[in-house]
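Residue-level structural notes
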Amino acid sequence: MQQLTQQLKSGYMELSEVPVPAINRGQILIRNRYSLISAGTEGKTVSDARKGYIAKAKSRKKEVKMVLDMVKNQGIQSTYKLVMNKLEAPSPLGYSCAGEVIAVAEDIKDLKPGDLVACGGQGAYHADFVAVYRNLCVKLPEDINLQHAAFTTVASIALQGIRQAEIQLGANCVVIGLGLIGQLTMQLLRASGIKPIGIDIGQAQVDSVKKQNNLIAFNRNQKGLNQLILDATGGYGTDAVIITAGTTSLDPVELAGELCRQKGKVVIVGAVPTGFSRTNYYKKELDLRMSSSYGPGRYDPSYEEKGIDYPIGYVRWTENRNMQTFVNLLAGNHLNIDHLISHVFDLPQAPDAYSMILERSEPFSGILIKYDENDEIIRKVTLGEVTTKPTHPNIGFIGAGNFTQNILLPRLKGLVTFVGVATARGNTSSYVGKKYGFAFCTSDSDEILRDNRINTVFITTRHHLHAPLVIEALKAGKNVFVEKPLALTMEELESIRETYLLLKQKPMIMVGYNRRFAPFSKKIATAFLPNQPRGITMRINAGNLPPNHWVHDSEVGGGRIIGEACHFIDLAIFYASSSVVSISAVELKNPNGLQDSTIINLKFQNGSVASIAYLSNGNKQVMKENIEIYCDGTIAQIDDFAKYQFFGKQANKSKISQDKGHEQELVEFCKAISEGKPSPISFEELYHSSLVTFKAIEAMQRGQTLAINHSF
C-alpha cells in the first residue's frame with residue numbers, strides 16, 4: 001500500500017510503498033476511501049518541518065530543553081545520533097478519514113468486514129489502509145456520502161468546543177476564526193438552535209460564510225464591530241465566544257472579552273495565546289475554558305487503546321459519541337458539507353495539496369484525499385536481496401521502536417545479516433528496512449518466523465508480546481534475543497521453560513541484560529572469587545514515568561519492577577556469582593498506586609547479600625545508577641557505568657564514556673551463534689532471574705521474606 005509521510009528533518013514528503021498495518025487487540029483494519037487534510041494542524045506540522053534548525057528550535061522550545069538535558073546525561077555524540085534518527089524517520093500525516101472495514105480484531109463484536117466507518121486520531125493516516133482503535137471509529141449508514149464522513153474527526157473538534165460553551169437553545173455565540181473548524185462550528189451551532197455570528201480577518205472567509213450558509217459574519221477590521229455584535233445580540237453581548245483561530249496574537253482572546261455579556265463563556269479551540277488583559281474578564285466575571293481535541297477520552301490510553309468507555313450517566317459526550325453525533329447530523333441532512341469541499345486530490349498528488357496550503361497559491365477550505373478502492377492487501381514488501389550463511393547470524397526483527405533503532409541496530413551492523421523486519425506500522429518497518437539493508441519489511445511477525453533464511457529472531461516489542469513470541473520463535477527453531485522482561489507472569493515463564501525443555505534441538509535464548517557485559521562489570525567479575533561472600537548495594541535513580549505510561553499497565557508493560565528492576569536483579573546475581581536463596585522487598589507507596597519504588601534485599605547461596613534501591617521519586621540531577629560491592633577489605637564502585645573505582649591492595653580508577661555493555665552483549669551473542677558455543681547467559685540463569693523478579697512482587701505484597709528454590 002501507499003502512505004504519505006514527511007521527514008521532520010527537511011520536511012521532505014513522499015509516498016512510500018509500505019506493508020498494510022497489523023491490527024492488535026481492539027483495532028480495526030480499514031480501506032480508506034477519503035481522508036481530510038487539516039490545513040491548520042497539518043499545515044503547521046509541515047511548515048515547521050521545512051524550517052531550518054534555528055527556526056525549528058524557536059518553535060519547539062520544550063523539545064530543545066529535552067535535548068539539552070539529554071546532552072548532559074548522555075553526551076553530545078549519543079544525543080546527536082538519537083535526535084537525527086528521530087528527525088530522519090518518516091512521520092505519518094493525517095487524523096480524519098472514512099472508509100470500509102476490511103478486518104477486525106477478535107475482541108471487536110459490533111463491526112464486521114464491509115461496514116463503512118469514519119475514524120480519527122492515532123492510526124487514521126493518509127494511507128490506503130489504516131488500523132484504528134474501536135473507540136476512534138463510528139459506524140456509518142450505507143447511503144452516507146463518504147466525502148462528508150471524512151470530516152467527522154475534525155467536526156468533532158468543533159463540536160467539543162460547543163459542548164464546552166454549555167450554551168442552550170435560543171442563545172447566541174460568536175465564532176472567531178472562520179477556517180474549516182470555524183465554519184463547521186457555525187453550522188453545528190445553527191443545527192443546535194443557537195444563533196452563530198462569525199468573525200475573521202480574511203474577507204474571503206467572511207464572504208464564504210455569508211454566501212453559502214446565509215449566516216451572519218463580519219470582518220475583524222469592520223468599523224463599529226463591537227456595536228454590530230451588540231445589535232445582533234439584543235444589546236446584551238454574546239452568550240459565548242468560541243475561538244477557532246490559530247495565531248500568536250492576543251487579539252482573539254482580547255476581542256472575546258469585549259464581546260461577551262456579563263458572566264459569558266470564552267472557549268479556546270484554536271492555538272492562541274492567553275496572556276490577556278484582566279479588565280473585561282474580571283468585571284464581567286467571564287468563564288475562560290479550553291477545549292481538548294475531540295472530547296473526553298482523548299489522550300487516555302484506557303479509553304482509546306483498551307476500549308474502556310466512560311459511563312454515559314457520568315460522561316454524556318465522549319469523543320466517540322461526539323463523532324457519532326456529527327454522523328447523525330449528516331444522515332439527517334442538517335449540515336451543508338458540499339460547499340466546504342474546495343479540493344479533492346488523488347493520493348499520488350497529495351504532496352501538491354500541502355504545497356498549495358503552504359504557498360496559499362489559491363483559496364482552499366476542506367481538502368480531501370481520494371484512494372484507490374482496488375489496492376491489494378500486501379503485508380510483505382521486498383526491499384532487496386541478501387546473502388545468508390547457515391552458521392552466520394541471519395536476523396529477523398519483530399518490533400523496531402526507539403531502543404531498537406538507536407541502540408541495537410547500529411551496533412549489529414557488520415555483525416549480522418539483516419533479513420526481515422516486522423512492525424505493526426508499515427511505515428516504521430519500511431524505514432528501518434531501507435536504512436539497514438533488510439531484504440524485506442512486513443507487518444506480520446509470522447513472516448519472520450516462517451522465513452527459512454532467518455536463524456535468529458530479535459524480539460523488541462512491548463512487554464506483553466515477549467513471552468508469546470519467544471515461544472513461537474523457539475518452536476520455529478530460531479535463536480532468540482528478547483529485550484527484558486522475558487515474561488510478564490509466572491505462568492508465561494513456566495510456558496517458556498516447558499517449551500524450551502521439550503525441544504530436542506535447543507536454540508539459543510538470550511535476554512537483553514546488557515549491564516553484565518559493561519567493561520566495569522567485566523572488571524568486577526575478575527576481581528573476586530566465586531565463593532567469596534560479598535555485600536552489594538545498588539541505588540537506581542530510575543526517574544518518574546507518567547501514571548498513564550504503558551510500562552505501568554499490568555497487562556502491557558507489567559509495571560516497572562517486572563519491566564525494569566528485573567535488570568538489576570539479574571545484575572546482582574551476576575555480581576554475586578551465585579543463586580538467590582531468599583528475598584524480601586518493601587514498597588515505597590505511590591499516591592497513584594504504582595509499584596515503581598522499592599527496596600529489594602537478596603540473600604545468595606554463597607553467603608553474599610544485595611540491596612537494590614530502585615526509586616522513581618528522585619531527581620534527575622543526581623546520577624542514575626550507583627553500585628558498590630564490598631568484599632574482604634576491598635570496595636568496587638561504579639557510577640553510571642562511566643566511572644569505576646577499586647579500593648584495596650590494588651587500588652585503581654577508570655573513567656570512560658558511559659558504556660552499559662550493549663555492544664559487547666551483542667558481539668558475544670553473535671559470536672556464540674557463529675561458533676556454535678553456548679549462550680552468553682544460560683537459560684537456567686535467565687529463568688532464575690525472572691523467577692526472583694516475580695518473587696520480589698510477591699514479597700512486597702505479602703510483607704514476608706520468601707525462600708527461593710533455585711533448582712531448575
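To keep things clear, this report deals only with the structure shown in the data block.

Reading the values: the criteria
- Residues numbered from 1 in each chain as written.
- Predicted model: local features only at pLDDT ≥ 70, side-chain atom pairs only at ≥ 80, totals over all residues.
- Heavy atoms only, no water.
- Pairing = 2+ DSSP bridges.
- Helix = DSSP H or I, 4+ residues; strand = E, 2+ residues; numbered from the N terminus.
- Axes fitted to C-alpha atoms, helices over the stretch in contact; angles between N-to-C directions.
- Contact = heavy atoms within 4.5 Å.
- Parallel < 35°, antiparallel > 145°, perpendicular 65-115°, else oblique.
- Phe/Tyr/Trp six-rings, centres within 6.5 Å; stacked < 30°, edge-to-face > 60°.
- Lys NZ or Arg CZ within 6 Å of the ring centre and 35° of its normal.
- Core = buried A, V, L, I, M, F, W, Y, C linked by side-chain atoms within 4.5 Å.
- Buried < 20%, exposed > 50% of the residue type's maximum accessible area, 1.4 Å probe, protein only.
- Polar contact = N/O pair within 3.5 Å; in protein donor to acceptor, adjacent residues only side chain to side chain.

1. Quick notes on the sheet that holds strand 1 (residues 2-7)
Taken together, three strands build an open sheet; the order of strands is 2-1-4 and the sheet is antiparallel. If you trace the sheet from one side to the other, it starts and ends with strand 2 (13-17) and strand 4 (90-92), each paired once. The sheet shows a mean angle of 50 degrees between the axes of neighbouring strands, taken without regard to direction. Contacting strand 1, strand 2 and strand 4, helix 16 (residues 426-436) runs over the sheet at an angle of about 175 degrees to strand 4.

2. Points about the packing of helix 6 (residues 152-165) against helix 13 (residues 319-331)
Between helix 6 and helix 13, the shortest axis-to-axis distance is 9 Å and the interhelical angle comes to 105 degrees. Accordingly, the angle class assigned to the pair helix 6 and helix 13 is roughly perpendicular. The segment helix 6 lies against helix 13, with Thr-152, Thr-153, Ala-155, Ser-156, Leu-159, Gln-160 and Arg-163 engaging Asn-322, Met-323, Thr-325, Phe-326 and Val-327.

3. A word on the packing of aromatic side chains
Per the counting criterion, the structure on display carries 15 aromatic pairs. Directly above the ring of Tyr-282 sits Arg-278, whose terminal nitrogen or CZ lies 4.0 Å from the centroid. Between Arg-497 and the ring centre of Tyr-687, over which it is positioned, the NZ or CZ distance is 5.7 Å.

4. A few points about the nonpolar core
Formed by 104 residues in total, the largest nonpolar core has its most connected members in Phe-397, Ile-496, Ile-509, Met-538, Tyr-575 and Leu-602. Considering every element that reaches this core, the biggest residue donor is helix 21 (residues 560-576), with 11 residues.

5. Some words on the environment of Asn-322
Mapping Asn-322 onto the fold places it in helix 13. Assessed through its relative accessible area of 0%, Asn-322 is described here as buried. It is 22 Å that separates the C-alpha atoms of Asn-322 and Leu-93, two residues lying 229 residues apart in sequence. Those residues in contact with Asn-322, other than ones at most four positions away along the chain, are Ser-156, Leu-159, Gln-160, Arg-163, Tyr-294, Gly-295 and Trp-317. In terms of polar contacts, Asn-322 uses its side chain to reach the side chain of Gln-160, at 3.0 Å.

6. Comments concerning unusual backbone geometry
Backbone torsion omega between Lys-484 and Pro-485 reads 0 degrees, so that peptide bond is classified as cis. Counting through the fold element by element, Pro-485 comes out in the loop between strand 22 (479-482) and helix 19 (490-502). Look at Ser-293: it is not a glycine, yet its phi comes out positive at around 50 degrees. As for its position among the elements, Ser-293 is in the loop between strand 14 (287-290) and helix 12 (301-304).

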